[in-house]
Amino acid sequence: MRLKHLTIALLLTSTLASAQSFVYITDEVDIPMRSEKTFDDNIVRSLPSGSKLSILQATEDGWTQVKFEGSTGWIISRYLSNNPPARAQLEKLRQSYNANKLLINKLSNRKNELETEIQALKVKNTKLSIQTSKSIAEKKHIEKVYKDALKLEHSNEKLMTANLQLKTEIQLLKNNNTATQDSSSRNWFITGSFVLFFGILIGFIFPNFVNRRRY
């Protein structure tokens with residue numbers, strides 16, 4: 001028994017020399033912290049199982065001086081361990097499990113929200129695709145109408161040019177016709193003048209010629 005206590009004391013001394021100088025209460029009942037290394041009426045406080053203590057020193061007689069929340073005292077070394085007790089570890093695992101379960105529920109809710117948003121975005125994307133297709137079709141129709149309008153405008157320009165040429169030719173023909181009519185009138189006037197002149201001349205000459213023949 002003394003050898004066991006010595007082994008625990010040496011273990012605790014080694015722990016004290018390490019960087020992590022903490023131990024845990026391992027018993028399932030509350031363990032008393034005493035002001036002295038005796039079993040007299042010197043209990044400072046009772047520590048529940050799993051309490052984390054700071055090691056101050058460990059002795060070969062099976063006692064360890066510890067510190068907990070500002071209180072300093074002695075505890076029998078066999079009630080201390082370098083690792084938390086299984087019950088404390090189980091409680092820690094249960095808390096971790098509950099926290100993870102809560103996190104999973106939150107992530108699941110968030111996943112559902114994201115799936116709903118994705119579905120809404122898909123519907124919106126489908127509507128945008130339809131609208132885009134309509135816009136492309138309208139654009140092509142407008143481009144075709146514009147090209148047809150350009151063709152019509154070009155044809156109209158050709159027709160206007162041809163119409164102007166026809167008007168010019170008609171005006172030239174009118175001018176030529178007027179000139180021809182004026183020339184014809186002048187010719188008829190001259191012809192009439194010659195006819196009248198010769199008629200008058202004949203009117204003077206013919207009676208004299210007839211009279212000459214009588215005599």
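In what follows, the structure referred to is the one given above.
All figures in this text were calculated on a predicted structure; none of them were measured in a lab.

## Brief notes about the nonpolar core
Part 1 of the reasoning: Judged by nonpolar contacts, Val23, Ile25, Ile31, Met33, Leu47, Leu53, Ile55, Val66, Phe68, Ile75 and Leu80 together constitute the single largest core of eleven residues.
Part 2 of the reasoning: Sorting the residues of this core by element identifies strand 1 (22-25), strand 2 (31-34), strand 4 (52-58) and strand 5 (63-68) as the ones contributing at least two each.
Part 3 of the reasoning: Among all residues touching valine 66, those that are not within four sequence positions of it are Val23, Met33, Leu53, Ser54, Leu56, Ser71, Thr72, Gly73, Ile75 and Leu80.

## What to know about the side chain of arginine 34
Part 1 of the reasoning: Turning to its location among the elements, arginine 34 is positioned in strand 2.
Part 2 of the reasoning: Despite its burial, arginine 34 pairs with no opposite charge, the nearest such side chain being aspartate 41 at 6.5 Å.
Part 3 of the reasoning: Here the side chain of arginine 34 touches asparagine 42 through a polar contact of 3.2 Å, side chain to side chain.
Part 4 of the reasoning: Other than its neighbours up to four places away in sequence, arginine 34 contacts Phe39, Asp40, Asn42, Ile43, Val44, Trp63, Gly73 and Trp74.

## Notes on unusual backbone geometry
Part 1 of the reasoning: The phi angle at glutamate 69 is positive, at roughly 50 degrees, despite the residue not being glycine.
Part 2 of the reasoning: Mapped onto the secondary structure, glutamate 69 falls in the loop between strand 5 and strand 6 (71-76).
Part 3 of the reasoning: Assessed through its relative accessible area of 62%, glutamate 69 is described here as exposed.

## Some words on the pairing of strand 1
Part 1 of the reasoning: Both strand 1 and strand 4 contribute to a ladder of three bridges, which runs antiparallel. Within strand 4, the position partnered with phenylalanine 22 by the bridge is serine 54.
Part 2 of the reasoning: Where strand 1 and strand 7 (residues 80-81) come together, two bridges link them in antiparallel fashion. If you follow tyrosine 24 over to strand 7, its bridge partner there is serine 81.

## A short note on the pattern of salt bridges
Part 1 of the reasoning: Summed over the entire model, instances satisfying the criterion amount to six salt bridges.
Part 2 of the reasoning: For aspartate 61, the salt bridge goes to lysine 37, with nearest N and O atoms at 3.3 Å. Of this pair, aspartate 61 sits in the loop between strand 4 and strand 5 while lysine 37 is found in the loop between strand 2 and strand 3 (43-47), placing the two residues 24 residues apart along the sequence.
Part 3 of the reasoning: For aspartate 61, a relative accessible area of 39% puts it in the partly exposed group.
Part 4 of the reasoning: In this structure, arginine 45 and glutamate 69 form a salt bridge, with 3.5 Å as the shortest nitrogen-oxygen distance. In this pair, arginine 45 sits in strand 3 while glutamate 69 sits in the loop between strand 5 and strand 6, placing the two residues 24 residues apart along the sequence.

## Let's talk about the packing of aromatic side chains
Part 1 of the reasoning: Within the structure shown, the criterion is met by one aromatic pair.
Part 2 of the reasoning: Seen in terms of ring centroids, phenylalanine 39 and tryptophan 63 are 5.4 Å apart; in terms of plane orientation they differ by 55 degrees. Their pairing is tilted. Of this pair, phenylalanine 39 sits in the loop between strand 2 and strand 3 while tryptophan 63 sits in strand 5, and the two are 24 residues apart along the sequence.
Part 3 of the reasoning: Owing to a relative accessible area of 7%, tryptophan 63 belongs among the buried residues under this scheme.
Part 4 of the reasoning: Directly above the aromatic system of tryptophan 74 lies the positively charged group of lysine 37, at a separation of 5.0 Å from the ring centroid.

Cut-offs used in this document
Residues numbered from 1 in each chain as written. Predicted model: local features only at pLDDT ≥ 70, side-chain atom pairs only at ≥ 80, totals over all residues. Heavy atoms only, no water. Core = buried A, V, L, I, M, F, W, Y, C linked by side-chain atoms within 4.5 Å. Buried < 20%, exposed > 50% of the residue type's maximum accessible area, 1.4 Å probe, protein only. Helix = DSSP H or I, 4+ residues; strand = E, 2+ residues; numbered from the N terminus. Contact = heavy atoms within 4.5 Å. Lys, Arg positive; Asp, Glu negative; His and termini not counted. Salt bridge = Lys/Arg side-chain N within 4 Å of Asp/Glu carboxyl O. Polar contact = N/O pair within 3.5 Å; in protein donor to acceptor, adjacent residues only side chain to side chain. Pairing = 2+ DSSP bridges. Phe/Tyr/Trp six-rings, centres within 6.5 Å; stacked < 30°, edge-to-face > 60°. Lys NZ or Arg CZ within 6 Å of the ring centre and 35° of its normal.

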